[in-house]
Amino acid sequence: MRPRVKKIIIGVLDVVLGAYLVLAVTSFNKPKVVDRYCSKVEITIADSTDAGFLSAPEIKSLLQAKNLYPLGKKMSTINPRSLEEAMAPRGGSGLPFVKTAECYKTDDGHVCIIITQRTPLIRVKSARGDDYYLDDQGGTMPNSKYTSDLIVVTGAVSNSFARYYITPMARAIMGNDFWKNQIEQINITNDLGVELVPRVGNHIIYIGQLPWGKYKSQIDRNVAAYVNKKLDRMLKFYKYGLSKVGWNKYSYIDVELDNQIVCTLRHEVRKEDTAEPEAPEADKAQPRSTGHHDSDSLARHDI
């Protein structure tokens, strides 16, 4: 072999050997991933300022109860997917207020958990004793420590009626800056008529029965259109009617009909009658039954 070729071969071998030694030393000095343990768990509630259902200690307690809390465990044994599935409310085994759960591991031995919460849209307290929240997709959430000032739905409300009909109505109300602050209660009558109780004004607004539909998408569209139409007419009545006669003149305002608004006049006690003896118990006026109006107390406005 020629001396020059031999020198080249020796040089190449020296380079390869040197590279191998560098890699070997680096590999020996680097901690093995399989031997690393989880040193920290970072739990982030992404929207905790907007919804107060969840806290980091609750997430920790859930994972500990299922023996999945990763702190102190080998990183190689921690499965982020298993953690996500444990927190999601699939099959009722997770937390009902979790909307999404994302988990991942870092090279320095940390496990990061990011939670987003389901946002309550409205609270249902039905006549039959149900008490729960609805989110914007019609999903139900159990009553909890949540204390936000939500619109409350009362009366003859079944779970299915709430999910399919109250939800799109609530979305329509909450989508309007005026009405989401004006309405504080929705009452469903026995024949499924809708009464709205405002914050300002001592009266009840009746918008009639919500339109029925066969499919959810159809119901969503029809209910939203119906509610928006009734609320637009009521807003005009506020502006051009009650602003002139007073917000407490009527006790019941019916906007169910498209061509007129029917109002029930409020019965007020005259000042000169306040000194009269109290009527016998049997003669006292009974509480007004919603949906019934005395013919001599009605006022009709064409709008």
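First things first, this report covers the structure right here in the doc. Only a predicted model underlies this, so the values are computations on that prediction, with no experimental measurement involved.

**Digging into the overall build of the protein chain**
- In terms of regular secondary structure, the protein chain is built from 6 helices and 13 strands.
- Long-range pairs, those at least 24 residues apart, make up 59% of the contacts in the protein chain with a sequence separation of at least 6.
- As presented, the protein chain carries roughly 18,300 Å² of accessible surface, and 53% of it is formed by carbon and sulfur atoms.

**Digging into the pattern of salt bridges**
- Per the counting criterion, the structure on display carries 11 salt bridges.
- Here K40 makes a salt bridge to E42, at a shortest N to O gap of 3.9 Å.
- Here E42 falls in the partly exposed class, since its relative accessible area comes to 30%.
- For the salt bridge of D131 with R123, the shortest nitrogen-to-oxygen distance reads 2.9 Å.
- A network of salt bridges, in which partner residues are shared, links R171, K216 and D220.

**What about the environment of T106?**
- Counting through the fold element by element, T106 comes out in the loop between β2 (98-105) and β3 (110-117).
- By relative accessible area, which is 24% here, T106 ends up partly exposed.
- Sequence-wise, T106 and M75 are 31 residues apart; in three dimensions their C-alpha atoms are separated by 9.3 Å.
- The residues touching T106, leaving out its near neighbours within four places in the chain, are M75 and C112.
- There is a polar contact of 2.3 Å between the side chain of T106 and the side chain of D108.

**As for unusual backbone geometry**
- One non-glycine residue, N67, lies in the positive phi region at around 55 degrees.
- Along the chain, N67 turns up in the loop between α2 (56-65) and α3 (80-87).
- Phi at L192 takes a positive value of approximately 70 degrees, unusual for a residue other than glycine.
- Residue position: L192 is located in the loop between β8 (183-188) and β9 (193-198).
- Classification of L192 as partly exposed rests on a relative accessible area of 23%.

**Re helix α6 (residues 216-245)**
- With 30 residues, α6 should reach 44 Å at 1.5 Å per residue; the first-to-last C-alpha distance of 41 Å fits that figure.
- Largest kink in α6: about 40 degrees, centred on Y238.
- A positive backbone phi angle near 105 degrees is found at G246, which sits one or two residues after α6.

**Side note on the packing of aromatic side chains**
- In total, this model carries 9 aromatic pairs according to the counting rule given.
- Between Y206 and Y252 the ring centres are 6.2 Å apart and the planes differ by 25 degrees, which places this aromatic pair in the stacked class. With Y206 in strand β10 (residues 204-209) and Y252 in strand β11 (residues 250-254), this pair connects stretches of sequence that are 46 residues apart.
- Members of the aromatic cluster, joined through ring pairs, are F178, W179, Y238 and W247.

Definitions and cut-offs
Residues numbered from 1 in each chain as written. Predicted model: local features only at pLDDT ≥ 70, side-chain atom pairs only at ≥ 80, totals over all residues. Heavy atoms only, no water. Helix = DSSP H or I, 4+ residues; strand = E, 2+ residues; numbered from the N terminus. Contact = heavy atoms within 4.5 Å. Areas by Shrake-Rupley, 256 points an atom, 1.4 Å probe, with all protein chains shown as cover. Salt bridge = Lys/Arg side-chain N within 4 Å of Asp/Glu carboxyl O. Buried < 20%, exposed > 50% of the residue type's maximum accessible area, 1.4 Å probe, protein only. Polar contact = N/O pair within 3.5 Å; in protein donor to acceptor, adjacent residues only side chain to side chain. Expected span 1.5 Å × (residues − 1). Bend = angle between axes of the 7 residues up to and from the residue. Phe/Tyr/Trp six-rings, centres within 6.5 Å; stacked < 30°, edge-to-face > 60°.

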